[in-house]
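Residues per chain, in single letters:
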Amino acid sequence: MIRIIRLKNALVLKITTVMVVIFCLVYWYRYQENQTNRIQGQQTVTQSVLIYPDNIKYSDDSFYGIGTITDTGKQIMVYGSDAKRVKRYSKPIIMNVSGVVQPFDEARNFNQFDAKEYYESMSVYSRLTVKQLNSVEVQRRFSIIDSLHYLRMLMLKYTNQLPHPLNLYASSLFLGVMDNSFNDELSGVKTLGLIHLFSISGLHVFYIVNLLKMILGLFRVTREKTRWATLIFLPTYFVIAGSSIGLMRSILTVEIGIIALMLKKRLTSLDVFSITLMANLLIDPEMLLQFGSQLSYALAFGLIYTNKMRPLKQTVMMNLVSLPFIIYKLFQWHALTMLANYLVIPIFSALIMPMILIAVITYPIAGWFSSVVAFILNSFDAAVNWLGALPGQINFGKPNLYIATLLLIMTLVVIDKVSFKRVSLILCMYLITFMYIHYPLQGEVSFFDVGQGDSILIREPFNHSITMIDTGGKLQFGRR
């Protein structure tokens, strides 16, 4: 706001005012929608739900996934137990089920994952526990979205045939599927903060777009038609690749850049970033509530101001930008994160990603190359997991929201002009924050709901003593 006022540009001020009014109207509409769609208590229902097999996840004999109620068009999370009956379908299916609909459980403790808040940010307000699966049938009429989900399911089956761990990389990078096997196989990626390579940075969009341009170039398609083809292709790829927030940012950025070229309008990186953010907020106002969205936009913003720095300096600054978000949401950070990003990102961008893309495409005619790439990926996994297993995990704790915001602002100040004084100041701020969290000046009494009664944690100032009182299970009087 200060920057807009200091520009002293009447047109910019008018556009900003109009956009603020539009955002307020969109937020008001979404708020009213949230209040209308929320349910109270449990309801026994029998209804039909449209669900895409590519969105269903399986655990032993059970399944769960987000579906759409055919009568109302509202989204709902479905939990069922007859996994074998559902797993054989590839096309969109309509399940007629009898079960119990209820709201998501709210977080019962501070800093606990809040399922209700998370799913409401995706316009899912209730969950359906299936008691009886009455019937399952394939959807007869296919829309464009239905066809894209069917295509995604076929591609998932194709990637599952690839050698391990190439199959995990292909499905996570290009189809947006990261299940438990991914987390087990690539534990070092999560520990060292490299997960942005798979779901946030949008690196795969860059390669997909360049592959499309190369294919069209072989057929001597004009530049203008190539741009139109890219504009049409990217929204379809958004559905195929899992429709994540990080992917939406990447695709919107590319599309806005192409539109600007077609209109012969010169936009700076900051202009494209700002328009992307506004468009994303209009499409999904609650997306900034999600950690992945916050981190994605923070890293994109940091890239704008560090693109002229040397690689080592840029890596350090980018990690400093993400650090306030990480410690506020995840409460921990690995001391080798900066080193891992500096070493891995160039290798991943220049070597790993192109090899994966080529191996996936050529697998039917050159399976030997896929096996070679799988062997290289195994070695890469081992190296990253070994690095992540080294000592250096810092349980920082959760700072106050105002402190985290202040750390972010100070990071941007350091990026603007790196000096010994500013770097020393931000390091001292992190140290003081860490000491205050682990050695508080005041005592604390906390109650934990662990599902079978409350536990009580008593901390004295400076952690002179920490006492845990377990109250045991809930008493049931009048029962044997």
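Calculation rules
- Residues numbered from 1 in each chain as written.
- Predicted model: local features only at pLDDT ≥ 70, side-chain atom pairs only at ≥ 80, totals over all residues.
- Heavy atoms only, no water.
- Patch = residues over 30% accessible without salt bridge, like charges linked within 9 Å, V, L, I, M, F, W, Y side chains within 5 Å.
- Areas by Shrake-Rupley, 256 points an atom, 1.4 Å probe, with all protein chains shown as cover.
- Salt bridge = Lys/Arg side-chain N within 4 Å of Asp/Glu carboxyl O.
- Helix = DSSP H or I, 4+ residues; strand = E, 2+ residues; numbered from the N terminus.
- Buried < 20%, exposed > 50% of the residue type's maximum accessible area, 1.4 Å probe, protein only.
- Expected span 1.5 Å × (residues − 1).

## Comments concerning a nonpolar patch on the surface
Together, Leu431, Met435, Tyr436, Tyr439, Leu441 and Phe462 make up a nonpolar patch on the protein surface, roughly 620 Å² of accessible area in all. Its location among the elements puts Met435 in helix H19 (residues 420–438). Met435 gets classed as partly exposed once you look at its relative accessible area, which sits at 39%.

## Some words on the pattern of salt bridges
Tallied over the full model, the rule gives 5 salt bridges. Two residues, Arg38 and Glu120, come together in a salt bridge whose shortest N-O distance is 2.9 Å. Placement of the pair is Arg38 in the loop between helix H2 (10–37) and strand S1 (43–51) and Glu120 in helix H4 (residues 115–120), with a sequence separation of 82 residues. Accessibility expressed as a relative area gives 33% for Arg38, which makes it partly exposed.

## What to know about helix H6 (residues 166–175)
Burial runs high along H6: 10 of the 10 residues are buried. All buried positions along H6 are accounted for by Leu166, Asn167, Leu168, Tyr169, Ala170, Ser171, Ser172, Leu173, Phe174 and Leu175.

## Some points on H2
For H2, which comprises 28 residues, the first-to-last C-alpha distance of 41 Å matches the rise-based estimate of 40 Å (1.5 Å per residue) to within 8%. Every buried residue belonging to H2 is among Thr16, Met19, Arg30, Asn34 and Asn37, and all of these are buried.

## Considering unusual backbone geometry
Cis geometry marks the peptide bond from His164 to Pro165, where omega comes out at 5 degrees. As for its position among the elements, Pro165 is in the loop between helix H5 (144–160) and H6. Positive phi values are uncommon outside glycine, yet Ser123 reaches one of about 65 degrees. A positive phi angle, close to 60 degrees, is found at Ser243, a residue other than glycine.

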